[in-house]
Each structure stands twice: as C-alpha cells, then as structure tokens.
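Now for the letters of each chain:
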Amino acid sequence: MFANSRTISSAQTDIHEHLAARVRRHLDEPFRKPVGAPSQQAFDAAIDAWQRAGGKPLIIDAGCGIGESTLRLATAYPDHYVIGVDQSEKRLTAGKDWWEGEMPANFHWARADLVDVWRLLQQGSVPVVRHYVLYPNPWPKIGHLGRRWQGHAVFPALAACGDYLECRSNWKIYIDEFAAALSMVGRDVRVEQWQPETFMTPFERKYSASGHALWRCVSGSPLPQGG
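Please read these numbers as outputs of a predicted model, since none were measured by experiment. (Residues numbered from 1 in each chain as written. Predicted model: local features only at pLDDT ≥ 70, side-chain atom pairs only at ≥ 80, totals over all residues. Heavy atoms only, no water.)

(A) Seen up close, the environment of G84. Secondary-structure assignment places G84 in strand β2 (residues 81-86). Residues G84 and A110 lie 26 residues apart in sequence; the distance between their C-alpha atoms is 6.1 Å. In this structure G84 touches D61, C64, T70, H108, W109 and A110, once residues within four positions along its chain are discounted. (Helix = DSSP H or I, 4+ residues; strand = E, 2+ residues; numbered from the N terminus. Contact = heavy atoms within 4.5 Å.)

This is the structure we're talking about:
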C-alpha cells in the first residue's frame, strides 16, 4: 500500500547531546579524505553542462534519488539550472514514465558522492543560489549521529553551499539538529512544520499520505518562484 510509512522511532528525544562538540571539531579540523575519481569526473561533467547552458543561477538538489525533485525544481525555476546529485546509478537511470509531459532542458543529473561534491563546490567557490537537502536518511539511532549530515565531517562544506538552503524531513529532531548546526556556522535559520502545495519527492508524498508531520529548516531568503 502507498500510505503505509511508519513514523520514525528513536530513543533520542531531543537534539543530540554531542552535536555541538561534533560540529566544533569538524569546523576546527579540515576534512582530508581524498575526493574519489568518479565523483570528480561526474562533478566536472555537471559543471561543464551548467556552463554550456549559459551559467544560469545554479540550484543543487542534494540526494535527488530518482530525480523527481530535480525535474520539479527545473520546472519551477526555468531561468535557473539544476544539478541533481545522487550516488545510486539505479535510481538515476530508472525509467521516468511517472513524469508527465516533456522534461525541462535546464537540468543535469550527476552520479556522485555528495561528500565529494559539497567539498568540490566549496573548493571551487561555485556560486549556488539555492540548495536543497530533501528527506535525507535520518539515521535515528543515538549512536548514528556521525552518519547524519549535521554530524558528518562534510557539514561545514554543506553549510557553505547556497545563498538559500533548505532541508526537509519527517523527523523533527533531524531538522532541529540541522538548524542548530547551521546556527553554529553563523547562518540564520528558521524551523517550521508545513505542507507543500506540490510534493517534491516520492518520500514526501508517501510521508504526507501516511499522516506524518513534515518539517523543514530554511536558511536565507527564498527567490521568487520562476524568477
């Protein structure tokens, strides 16, 4: 059944007690993991596609899955260019018969590791106007803080990406942590429960149909849709 998603269960009841220390350590210690060659190649191809399209204002769709959110962003912002990134070739190359009408021309899908892509965007000072992190894996166990993006060593690079940054989840603790970590790097944030007019991803659609509350953390001023 479609509306059968279970709510997130966790022994954690608030922002992780070690989040602040984890973020401070990642801010103080450079992330030295080498960038993988496949990610570098995919990144270079994506940047080349963007530049060949005229270098329009850039949107990053981080963890785009099957790519629905990339297509919806490209449609909503036709004067921008969207790069959707996901590590799964299966998800990116799966059939798109669920998409009605013609696909927009202003997007590119890149199969790459986000940990590499965020660092490459930061290192290259690539100007990103909008940055979306939609329904990342919540890793709800208390011991999984380091697997959540806000507890990962790549978080400083993630947080540096995008004049406007938005993260969505159906687990409020994840959003509260994401907002707290963004505040630590000096970004303004707001957290809100909300219901989108148009669902951006299959997860968002399924969570809503299953009766879950949807939450988002927003940093920066949104651009007018289609502008």
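Picking up after the structure, the text goes on.
(B) The arrangement of the state of the cysteines in detail. Under the counting rule described, the total for this entry stands at zero disulfides. As a non-bridged cysteine, C161 has C167 as the owner of its nearest cysteine sulfur, 13 Å distant. According to the relative accessible area criterion, C161 is buried, its value standing at 4%. Free of any disulfide, C167 has its nearest neighbouring cysteine sulfur in C217, separated by 6.7 Å. (Disulfide = S-S within 2.5 Å. Buried < 20%, exposed > 50% of the residue type's maximum accessible area, 1.4 Å probe, protein only.)

(C) Layout of the pattern of salt bridges. Evaluation of the coordinates by the stated rule reveals 13 salt bridges. The partner of R168 in a salt bridge is E204, with the nearest N and O atoms 3.0 Å apart. Within this pair, whereas R168 is found in strand β5 (residues 164-169), its partner E204 is found in helix α8 (residues 202-209), the two being separated by 36 residues in sequence. A salt bridge links K172 to D176, with the nearest nitrogen and oxygen atoms 2.9 Å apart. (Salt bridge = Lys/Arg side-chain N within 4 Å of Asp/Glu carboxyl O.)

(D) Quick peek at the packing of helix α2 (residues 37-52) against helix α5 (residues 114-123). Two numbers describe how α2 lies on α5: the axes approach to 9 Å, and their chain directions differ by 55°. Considering their axes alone, α2 and α5 lie oblique with respect to each other. Along this stretch, α2 crosses α5, giving a crossing that reads as right-handed. Facing α2, whose interface residues are S39, Q40 and F43, α5 presents D116, V117, L120 and L121. When its residues are assigned to classes, the contact of α2 with α5 shows four nonpolar, two polar and one charged. (Axes fitted to C-alpha atoms, helices over the stretch in contact; angles between N-to-C directions. Parallel < 35°, antiparallel > 145°, perpendicular 65-115°, else oblique. Left-handed = near helix turned anticlockwise from the far one by under 90°. Nonpolar A, V, L, I, M, F, W, Y, C, P; charged D, E, K, R; others polar.)

(E) Seen up close, the sheet that holds strand β4 (residues 128-134). Strands sit in the order β3-β2-β1-β4-β5-β7-β6 across an open sheet of seven strands; the sheet is mixed. Sheet topology places β3 (107-111) and β6 (190-193) at the edges, where each strand pairs with a single neighbour. Mean inter-strand twist for the sheet, computed between neighbouring axes without regard to direction, equals 15°. Two elements, strand β1 (residues 58-62) and β2, share five bridges in a ladder whose sense is parallel. Counterpart to L58 in the pairing with β2 is Y81. Across the sheet, α2 is in contact with β1, β2 and β3; its angle to β3 comes to roughly 175°. (Pairing = 2+ DSSP bridges.)

(F) Quick look at the side chain of H131. Of note, H131 is situated in strand β4. Within the local environment of H131, its side chain forms a polar contact with the side chain of W118, the two groups lying 3.0 Å apart. Among the polar contacts made by the side chain of H131, one reaches the main-chain carbonyl oxygen of C161 at a distance of 2.7 Å. Residues in contact with H131, not counting those within four places in the same chain, are I60, A62, W118, L158, C161, G162, Y164, L165 and E166. (Polar contact = N/O pair within 3.5 Å; in protein donor to acceptor, adjacent residues only side chain to side chain.)

(G) Examining the packing of aromatic side chains more closely. One pass over the structure, following the stated rule, counts seven aromatic pairs. Judged by centre distance (6.3 Å) and plane angle (90°), the rings of W98 and W99 are edge-to-face. Among the residues examined, W99 registers a relative accessible area of 14% and is labelled buried. Between F203 and Y207, the ring centres sit 5.8 Å apart and the planes meet at 20°, which makes this aromatic pair stacked. Of this pair, F203 and Y207 both sit in helix α8, separated by four residues, roughly a single helical turn. Note on F203: relative accessible area 48%, which makes it partly exposed. An aromatic cluster is built from Y135, F203 and Y207, whose rings are joined through pairwise contacts. (Phe/Tyr/Trp six-rings, centres within 6.5 Å; stacked < 30°, edge-to-face > 60°.)

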